[in-house]
Amino acid sequence: MRDQHFMIDKDMLIRIVSLADLNKTDTVLEIGGGAGALTEYLLKIAKEVYVIEQDKKYIQVLDEKFSHHKKVMFMVGNAMEMQFPEFTKCVSNLPYTICEPLLWKMTRYDYELLVFVVPAKFVKLLTGQKESRLKFVIDAFYELEIFDDVPPEAFEPRPRVYSKIIRLRKKKGNLFLREFLSQYDKRTKNALRQILVKSGMTKREATEKVALTIRPMLQTRKVANLSLAEIKEVIKNFLE
């Protein structure tokens, strides 16, 4: 996968796996397997491991390295464009470019926890140190824990920035916000209409309410493309 920096520090790999609290019943999803350094440690404990890797060159490396393992399955392709298999935990050294879209995508899946290595600057968006729409996603869907700093020398090739290990668990929250944000790939008007139809309105009634409540410009925008201010506007106007 693009923008991938592979973890090579054994102590840090062990730390990541320990934070996932794996057991022999876990089905683990790993996104961006690379040469299999993390995969190797996941296989020591988990029941089975699904590894998604976009680069066919690394798939060949993985096939050769783990040819004797029957409990690892490799999936070739872009993680953001495929349906994930059922899993209990996702443990990944994420390609930096998919950190945000993956958190949106995970709102649609059931699991016990996620353990990711992400850029330190990205964590500021999750915690609200830098105001962002991602803070809305975190508040609606996740319990966030932040752990170790990971220095550039823990990777090959070395990134220019420090990283952090984070752990996320699914949580219950504002029902409207969860429903709205989980439809991130739909137009705003369609997402809102579906919520209203679920609540008992007819499609016609729902369409009229959305048309009367939300500015036309926002109605045609996809949920994931709304700015933080626009998300706040939709929520405020729709819930009043």
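As a reminder, the structure under discussion sits directly above these lines.
Here's what I pulled together on the structure shown here. The shown structure was predicted, so the numbers you read here are calculated from the model rather than taken from an experiment. Throughout, residues of each chain are indexed from 1 in the direction in which the sequence is written. Local features in this predicted model are restricted to residues whose pLDDT is 70 or higher, and side-chain atom pairs enter the listing and the counts only when it is 80 or higher, whereas totals over whole chains, interfaces and linings include all residues. The side-chain quantities take in all heavy atoms of the structure and omit both hydrogens and water.

### Some thoughts on the nonpolar core
Here is the rule: By nonpolar core is meant a set of buried Ala, Val, Leu, Ile, Met, Phe, Trp, Tyr and Cys residues that side-chain atoms within 4.5 Å join together. Each residue gets one of three labels from its accessible area relative to the maximum for its type: buried under 20%, exposed over 50%, partly exposed in between, using a 1.4 Å probe on protein chains only. Helix and strand assignments follow DSSP, with helices taken as H or I runs no shorter than four residues and strands as E runs no shorter than two, numbered in order from the N terminus.
By size, the foremost hydrophobic cluster in this structure holds 54 residues, and its most contacted members are I31, F84, M106, F116, Y142, F180 and L181. No other element matches the 6 residues that helix α6 (residues 133–141) contributes to this core. Grouped together as the second largest cluster of nonpolar side chains are 29 residues, M12, L19, A20 and Y41 included.

### Some remarks on the pairing of strand β5 (residues 89–93)
Cut-off, in case you're wondering: For two strands to be treated as a pair, DSSP must find no fewer than two bridges joining them. Whether a crossover is right-handed depends on one test, that the path from the first strand over the helix to the second runs clockwise when the strands point away from the viewer.
Extensive coverage of β5 is indicated by the burial of 5 of its 5 residues. The side-chain alternation of β5 yields two buried faces, one formed by K89, V91 and N93 and the other by C90 and S92. Relative to β5, strand β2 (residues 27–31) runs parallel, the two being bridged by 2 bridges. If you follow V28 over to β5, its bridge partner there is K89. The pairing of β5 with strand β6 (residues 113–119) spans 5 bridges and is classified as parallel. Within β6, the position partnered with V91 by the bridge is V115. Between β5 and its parallel partner β6, the chain crosses via helix α4 (residues 99–105), and the hand of that crossover is right-handed.

### Details of the pattern of salt bridges
The test is simple: We define a salt bridge as a contact between a side-chain nitrogen of Lys or Arg and a carboxyl oxygen of Asp or Glu at a distance within 4 Å.
If you walk through the whole model with that rule in mind, you get 12 salt bridges. The salt bridge involving K198 is made with E179; its shortest N-O contact spans 3.2 Å. You can see K198 sitting in helix α8 (residues 188–198) and its partner E179 sitting in helix α7 (residues 175–181), a full 19 residues away along the chain. Given the relative accessible area of 56%, K198 is considered exposed. The residue R215 makes a salt bridge to E233 at a minimum N-O spacing of 2.7 Å.

### Regarding the packing of aromatic side chains
Basically, it comes down to this: Only Phe, Tyr and Trp rings are paired, with Trp represented by its six-membered ring, and only when their centres lie within 6.5 Å; those with planes under 30 degrees apart are stacked, over 60 edge-to-face, the remainder tilted.
Scanning all chains against the criterion turns up 9 aromatic pairs. An angle of 40 degrees between the planes, with centres 6.4 Å apart, marks the rings of F66 and F74 as tilted. Residue F74 is classed as partly exposed on the basis of its relative accessible area of 23%. Relative to Y111, the ring of F87 lies with its centre 6.0 Å away and its plane at 5 degrees, an arrangement referred to as stacked. Taken together, the residues F87 in the loop between β4 (72–76) and β5 and Y111 in the loop between α4 and β6 connect sequence positions 24 residues apart. Neither F87 nor Y111 differs from the other in exposure class; each is buried. An aromatic cluster of three or more residues is present, and its members are F84, F87, Y109 and Y111.

### Some points on the side chain of K89
Our working definition: In protein, a polar contact requires one atom able to donate a hydrogen and another able to accept it; more generally it is a pair of N or O atoms within 3.5 Å, and residues adjacent in sequence count only if both atoms are side-chain atoms. Note on definitions: a residue-residue contact is assigned when non-hydrogen atoms from the two residues lie within 4.5 Å.
Counting through the fold element by element, K89 comes out in strand β5. For K89, a relative accessible area of 2% puts it in the buried group. Within the structure, K89 has its side chain in polar contact with the backbone oxygen of D21 (distance 2.6 Å). What K89 contacts, discounting residues up to four positions off in sequence, is A20, D21, L22, N23, D26, T27, V28, L29, E112 and L113.

Taken by themselves, the reported measurements are silent on function.
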